[in-house]
Amino acid sequence: MRIPYDTSACLGRDFIDLPQEVIAAILITVNEGWRHAWACDDVNVLSREIFTTERLRDGMRNALKSAKHSWSKTIKLVVLPGTESRSGTNVVVPDGRTDIPLLSIEIFLRTEVHDPHAIIECKRIAGSDTHLCREYVVEGVDRFRKGKYGQNHTVGFMVGYVLSGTAAQSAEGVNIYLKRASRNEDVLEPEEVCDTVRSWASRHTRAIPPPIYLYHVFLGVADVVT
């Protein structure tokens, strides 16, 4: 497997551009990790966001341990603890905290980049709740768009914990907010990276190119019973 690194450096840092097979592997791990997390008696739609994220992190680790996918031995994902992060090499004091950072052994061996190679930001969501839809964008999507998270990444990930309604309704609620904010270029579009995970993708320009692509997965009760 070849990891492409054809993009120019940003502030002295190599850009990390994930190929489709790595993106698919991350989405599959999130989806399977959610099934492990939901099996815990203390996880439900009323659980605190930070608590649910810890359970999802544990679930993703369990999913990777038991994985029998063809990519398991080549991509070699590592689910890291939530950690303080620095948005740039000129930042000394951490200015962010990532929910679920990921490391790829393959990428590390090629680049020796010690920072996370992918970041997952998690938010509670319901398509009918305008406040949550706004928070999903302002406190989630925009952290990537403004470079607070993944400044040297071209791909990022968002997970929405669906409190009510469906995944499609959550995506539509986010899009309604974006359109009201005159941000039509940022809307979420259905994306079939792999046929086992329902996901959406969005493209966001940044002050320092290139743009970042975000992959969105909305997880709720339906995702563990279907």
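Rules used in this analysis
Note on numbering: residues in each chain are counted from 1, in written sequence order. Reporting of local features is limited, given that this is a predicted model, to residues whose pLDDT is at least 70; pairs of side-chain atoms are given and counted only at 80 or more, and all residues count toward the totals for whole chains, interfaces and linings. Side-chain numbers here rest on the full set of heavy atoms in the structure, without hydrogens or water. Working definition: helices are DSSP H or I runs of at least four residues, strands are E runs of at least two. Numbering for both runs from the N terminus. Burial here depends on accessible area, computed with a 1.4 Å probe over protein chains only, as a share of the maximum for the residue type. Under 20% is buried, over 50% is exposed, and the range in between is partly exposed. Here, two residues are considered to be in contact whenever any of their heavy atoms come within 4.5 Å of each other. Computed with a 1.4 Å probe, the accessible areas rest on the Shrake-Rupley method; for each residue, only the protein chains presented here act as cover. Polar contacts, as used here, are pairs of N or O atoms within 3.5 Å; protein pairs need one atom able to donate a hydrogen and one able to accept it. Residues neighboring in sequence count only if both atoms are side-chain atoms. Counted as salt bridges are all cases of a side-chain nitrogen of Lys or Arg within 4 Å of a carboxyl oxygen of Asp or Glu.

A. View of the overall build of the protein chain. The helix and strand tally for the protein chain stands at 7 helices and 9 strands. Each of the 226 residues in the protein chain was classed as buried or not, and the buried ones make up 51%. For the protein chain, long-range pairs separated by at least 24 residues make up 61% of all intrachain contacts whose partners lie at least 6 apart in sequence. When the accessible surface of the protein chain is summed, it comes to about 11,000 Å², and 50% of that surface belongs to carbon and sulfur atoms.

B. Just helix 5 (residues 130–145), in detail. Three or more residues of helix 5 are buried, namely Leu132, Cys133, Tyr136, Val137, Gly140, Val141, Asp142, Arg143 and Phe144. Summarising the contacts, the buried residues of helix 5 are in contact with strand 5 (118–126), strand 6 (155–164), helix 6 (167–180), strand 8 (199–204) and strand 9 (212–219). At the N-terminal end of helix 5, a side-chain oxygen is found 3.0 Å from the backbone nitrogen of His131, two or three residues along, and the residue is Asp129.

C. Structural detail: the pattern of salt bridges. Enumeration over the complete set of coordinates arrives at 10 salt bridges. The closest approach of N and O atoms between Arg110 and Glu106, which form a salt bridge, is 2.5 Å. Within this pair, Arg110 and its partner Glu106 are both found in helix 4 (residues 105–111), separated by 4 residues, close to a single helical turn. One salt-bridge network, held together by shared partners, links Glu121, Lys123, Glu139 and Arg143.

Read these as geometric descriptors, not functional statements.
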